[in-house]
Amino acid sequence: MNKKGASIILMIFEVIVVISVIVLSSSYAKSLAEKDSTLRLTEANDIRFMVNALASIPGDAVVHYPENTSDYTFVLGQDRVAVFKLGDSENNKVEIKFFLPAGYQAFGIIEGKPYLCLEKSGKNINLRECLEGEL
Amino acid sequence: MSNKAQFDSAVKTVYWIIAGFVIVTVVLVFAITLAGYKDRLTAVPPELKAELTSFRFTNNADCFALQETNTGKTMAGIIDLKKFNQSVLDNCYKTDDDVIGIRQMNFQLVLRNFDRSISTNNYKNAYQDKLTIQKEVLVWSSNKMEKDTLLIYVQDI
């Protein structure tokens, strides 16, 4: 092979490798910087803590989550809370588990609503959109 | 191929072995650093997690909190000694009977003066305790109220 030609091919190869590394690293950093996955995890954790706190109080109560939740869908189940965006793959779905006392029921789905409330009524904990007077 | 060409080829091979190793290392270190940063951003202090989960032991009548028989009123912070047993604890807080349950938060509850102790279903040996919460409580026993300390040993793998 022509020595000059080989050297040019090697140089192009080097440039492609370096550009690939930069693009990969930047896209990973960008995904973290957008805080999307971080926000989901934080919000799922918060809901879990709110459910635990509600299961600990003797009476009924309504708690308003003090963040805008319109970007996500929240699903509260009997033993877990899931936070995701519609159309997300399973990998992007954040799910956090909790354990309620026997006889307690947790349920509710809220999708793209800005104000999220958790209501404890008897042994039921309901995730729903906040009403006018609750904000 | 001349000696010079062979030498150049060998130099380039060595160069690319070293360059490949350096590039992979840089990418890995970068990814691990960012992943660690994300974990730190979303980390929750274990004390907060344990406090919020263990509130129920002293405040919920379905756990150990005293409930007045006449009015049905729950006396938060007062433990009914009759309820302080394994069966009530299993109804109050029970993790899954599998690996997930072992990896969740588990507790051992000790009433210091009454020398009573109960544990959640996946509580393991005491050396795995992560932290201890102390709560000053009143205990309703034999129709009288006594002061005591509730020690909550927390395991969270």
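Before going further, it helps to examine the overall build of chain B. Check the secondary structure of chain B and you find 4 helices and 6 strands. What you see in chain B, going N to C, is helices and strands ordered as α-α-β-β-α-α-β-β-β-β. On C-alpha atoms alone, chain B measures out to a radius of gyration of 28 Å, which is more than a quarter above the 15 Å that the 2.2 N^0.38 rule sets for 157 residues. In chain B, 58% of the contacts between residues at least 6 apart in sequence involve partners at least 24 apart.

Now for the domain arrangement of chain B. When cut into domains, chain B gives domain 1 (1-43) and domain 2 (45-155). Here domain 1 of chain B and domain 2 of chain B have C-alpha centroids that lie 53 Å from each other.

Here we take up the interface of chain B and chain A. Listed as interface residues are 29 residues of chain B and, on the opposing side, 24 residues of chain A. Elements with a minimum of two residues in the side of chain B that touches chain A: helix H1 (3-42), helix H2 (46-59), strand E2 (74-80) and helix H3 (86-92) of chain B. When residues of the side of chain B that touches chain A are assigned to their parent elements, the largest contribution, 9 residues, is made by H1(B). Split by residue class, the side of chain B that touches chain A holds 16 nonpolar, 8 polar and 5 charged.

Okay, unusual backbone geometry next. All names here are of chain B. Not every positive phi belongs to a glycine, and aspartate 115 is a case in point at roughly 55°. Examined against the element boundaries, aspartate 115 turns out to sit in the loop between strand E3 (106-111) and strand E4 (116-119). Here aspartate 115 falls in the exposed class, since 7 other C-beta atoms lie within 10 Å of it.

Looking now at the domain arrangement of chain A. When cut into domains, chain A gives domain 1 (1-34) and domain 2 (36-134). Using only C-alpha atoms to locate each centre, domain 1 of chain A and domain 2 of chain A end up separated by 44 Å.

Below, the discussion takes up the confidence of the model for chain B. Averaged over all residues, the pLDDT of chain B is 88; the fraction at 70 or higher stands at 98%. Across the whole predicted complex the pTM is 0.79, and at the interface the ipTM reaches 0.78.

Attention now goes to the sheet that holds E3(B). Either a parallel or an antiparallel arrangement is found when strands of a sheet pair, and the pairing is made through backbone hydrogen bonds. Residue and element names in this part refer to chain B. Here 6 strands make up an open sheet; going across it, the order is E1-E2-E5-E6-E3-E4 and the pairing mixed. In this open sheet, the two edge strands, each paired with only one partner strand, are strand E1 (65-67) and E4. Pairs of neighbouring strands in the sheet enclose a mean axial angle of 45°, with direction left out of account. Inspection of the sheet shows E2 paired to strand E5 (residues 131-141) by 3 bridges, in the parallel sense. In the sheet register, isoleucine 78 faces E5, and the bridge partner there is leucine 138. Helix-sheet contacts for H2 involve E1, E2, E3, E5 and strand E6 (144-155), and the interaxial angle to E5 is about 10°.

Their axes nearest at 10 Å, the elements helix H2 (residues 36-54) of chain A and H1(B) cross at an angle of 30°. With respect to H1(B), the axis of H2(A) lies roughly parallel. For the pair H2(A) and H1(B), the crossing hand works out as right-handed. The segment H2(A) lies against H1(B), with Thr38(A), Leu41(A) and Thr42(A) engaging Lys38(B), Leu41(B) and Thr42(B).

Procedures and definitions
Just so you know, the residues in each chain are numbered from 1, in the order the chain's sequence is written. Here the convention is simple: chains get letters from A, ligands get numbers from 1, in the order in which they are written. The predicted nature of this model means local features are confined to residues of pLDDT at least 70 and side-chain atom pairs, given and counted, to a pLDDT of 80 or more, with totals for whole chains, interfaces and linings taken over all residues. In DSSP terms, a helix is any run of H or I states spanning at least four residues, a strand is any run of E spanning at least two, and both are numbered starting from the N terminus. The atom set for the radius of gyration is the C-alpha atoms, and the globule formula is 2.2 Å times the number of residues raised to the power 0.38. Two residues qualify as being in contact provided that their C-beta atoms, derived from the backbone, are within 7 Å of each other. Boundaries of every domain are those given by an automatic assignment or by a domain database. The nonpolar class holds Ala, Val, Leu, Ile, Met, Phe, Trp, Tyr, Cys and Pro. Asp, Glu, Lys and Arg form the charged class, and all remaining residues, Gly among them, are polar. Partly exposed residues are those whose C-beta has more than 12 but fewer than 20 other C-beta atoms within 10 Å; with 20 or more the residue is buried, with 12 or fewer it is exposed, and the C-beta atoms are placed from the backbone. Scored between 0 and 100, pLDDT is the confidence that the predictor attaches to each residue. Pairing between two strands is assigned when DSSP locates at least 2 bridges connecting them. Lines fitted to C-alpha atoms define the axes, with helix axes restricted to the stretch in contact, and inter-axis angles between N-to-C directions lie between 0 and 180 degrees. Should an angle fall under 35 degrees it is called roughly parallel, over 145 degrees roughly antiparallel, and 65 to 115 degrees roughly perpendicular, with every other angle called oblique. Note: crossing handedness is left-handed where the near helix turns anticlockwise from the far helix by less than a right angle, and right-handed where it turns clockwise.

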